[in-house]
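# Coordinates in review
Single-letter residue listing:
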Amino acid sequence: MRAPTLRAAGLVTVVLAGLLGSAFVLGRSLVPDPHPSAAGVATTLTGPRYGEQPPSTDFPSGTTSPRPSPDAAPDAAPVPPDGDGPYGAQVATGSSRVALTFDDGPDPRWTPQVLALLAQYGVRATFCVVGENVEAHPDLVRSIVAEGHTLCNHSWNHDVNLGKRSPATIRADLLRTNDAILAAAPGARIAYYRQPGGAWTPSVMSACADLNLAPLHWSVDPSDWKAPGATTIEAMVRSQMGPGAIVLMHDAGGDRSGTVSALQQLLPELLARFELEPLPVGSP
Ligand SMILES: [Zn+2]
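To keep things clear, this report deals only with the structure shown in the data block.

Criteria and cut-off values
- Residues numbered from 1 in each chain as written.
- Predicted model: local features only at pLDDT ≥ 70, side-chain atom pairs only at ≥ 80, totals over all residues.
- Heavy atoms only, no water.
- Helix = DSSP H or I, 4+ residues; strand = E, 2+ residues; numbered from the N terminus.
- Contact = heavy atoms within 4.5 Å.
- Areas by Shrake-Rupley, 256 points an atom, 1.4 Å probe, with all protein chains shown as cover.
- Core = buried A, V, L, I, M, F, W, Y, C linked by side-chain atoms within 4.5 Å.
- Buried < 20%, exposed > 50% of the residue type's maximum accessible area, 1.4 Å probe, protein only.
- Pairing = 2+ DSSP bridges.
- Phe/Tyr/Trp six-rings, centres within 6.5 Å; stacked < 30°, edge-to-face > 60°.
- Lys NZ or Arg CZ within 6 Å of the ring centre and 35° of its normal.
- Salt bridge = Lys/Arg side-chain N within 4 Å of Asp/Glu carboxyl O.

## A short note on the overall build of the chain
Looking only at helices and strands, the chain has nine helices and six strands in total. Long-range pairs, those at least 24 residues apart, make up 77% of the contacts in the chain between residues at least 6 apart in sequence. Accessible surface, the chain as shown: approximately 13,100 Å² in total, 59% of it carbon and sulfur.

Written out as structure tokens, the structure reads:
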């Protein structure tokens, strides 16, 4: 072969080798990890947070449903880079003030501890409550309201797949939860909805709009539902905090001693850096 042909052949070989190499790497990345975590929970703790949400069968829709368990139905989503959250859900307070939000309660063990700490520091926050827990502990809902905190609808039984269900099912779920809240605390303002797992869908957004509930996401997620320990929760909040932050924490769904302990440490620190607010609910 003449020299140019040889060069061309060489080039083709190099390009082919490169393509094959890429395909090999790509192929490897498509092969499942041969050593996945042994337990489903362990996978959830380390794997992608959206992808590892439990299937809907964990929380069948309908009137008979198990209690939400901490790790089976986490609130977890990547912190949005900036601006609006998924499908335009709210991720910032809209001012320099910051908001603490507590999800999945009320819980007879942990909610009173969180309420006591907030009262001790004169901080009001937002509680995203689960309907069946509201029904089981209406006294705690009344305490939340009486102490000036904001309420947020967090679905009836923490169905992370609620957004994939029919518009009628979604609407009924949110209404049922609102009704339970109002039965517990007549006249309470319910201005927000937070989708379990942060798994927003256009259908959920439509239901929120119909029911005049502001979709509430978050910007700071210390993943306290994984119970990583108070020190880790504190460090994650410190590193992610900024003006306008909405912080996601949990006062139910498992052992929340780490969250309570972290809160004890964080409240004075945050008060020194920010003004804390319950999310506004407008006029009754
Ligand atoms: Zn939740």
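## Some remarks on the nonpolar core
Ranked by size, the top nonpolar core spans 51 residues in total, and within it Leu 100, Phe 102, Leu 118, Phe 127, Leu 174 and Met 241 carry the most contacts. Here the element with the most residues in this core is helix H9 (residues 257-273); it accounts for six residues. Excluding its chain neighbours within four sequence positions, the residues that come into contact with Phe 102 are Val 114, Leu 118, Ala 125, Thr 126, Phe 127, Cys 128, Met 249, His 250, Asp 251 and Leu 263. Formed by ten residues, the second largest nonpolar core is a distinct cluster that contains Cys 152, Tyr 192, Leu 216 and Leu 279.

## Here's the deal with the pairing of strand E6 (residues 246-250)
Within a regular strand, the side chains alternate between the two sheet faces. For E6, the buried fraction is high: five of the five residues fall into the buried class. Of the two faces of E6, the one holding Ile 246, Leu 248 and His 250 and the one holding Val 247 and Met 249 are both buried throughout. Sheet topology note: the strand E1 (residues 99-103)/E6 ladder contains five bridges and is parallel. Residue pairing for E6: Thr 101 is matched across the bridge by Leu 248.

## Regarding the packing of aromatic side chains
Considering all chains together, one arrives at two aromatic pairs under this definition. Across the ring face of Trp 156, the terminal group of Arg 176 is positioned such that the distance to the ring centre comes to 3.8 Å.

## What about the sheet that holds strand E4 (residues 190-193)?
Pairing is parallel in the open sheet, where six strands are placed in the order E5-E4-E3-E2-E1-E6. Only two strands of the sheet have a single neighbouring strand rather than two, namely strand E5 (214-215) and E6. Where E4 and E5 come together, two bridges link them in parallel fashion. Within the sheet, the bridge partner assigned to Tyr 192 lies in E5 and is Ala 214.

## A few points about the environment of Leu 162
Mapped onto the fold, Leu 162 is located in the loop between strand E3 (150-153) and helix H6 (167-184). On the basis of relative accessible area, Leu 162 is assigned to the buried category, the value being 1%. Taking the C-alpha atoms as reference points, Leu 162 and Thr 201, 39 residues apart in sequence, are found 8.9 Å from one another. The residues contacting Leu 162, other than those within four sequence positions of it, are Ser 155, Thr 169, Ile 170, Asp 173, Leu 174, Tyr 193 and Gln 195.

## What to know about the pairing of E3
Of the two faces of E3, the one holding Thr 150 and Cys 152 and the one holding Leu 151 and Asn 153 are both buried throughout. Pairing geometry for strand E2 (residues 126-129) and E3, over four bridges, is parallel. Residue pairing for E3: Val 129 is matched across the bridge by Asn 153. Relative to E4, E3 runs parallel, the two sharing three bridges.

## Digging into the pattern of salt bridges
What the rule picks out here adds up to five salt bridges. For the salt bridge of Glu 277 with Arg 97, the shortest nitrogen-to-oxygen distance reads 2.7 Å. With a gap of 180 residues between them, Glu 277 in the segment after H9 and Arg 97 in the loop between helix H2 (40-46) and E1 connect regions that are remote in the sequence. Given a relative accessible area of 8%, Glu 277 falls into the buried group. The exposure class of Arg 97 is partly exposed, given its relative accessible area of 31%.

Read these as layout, nothing more, since geometry by itself doesn't imply function.
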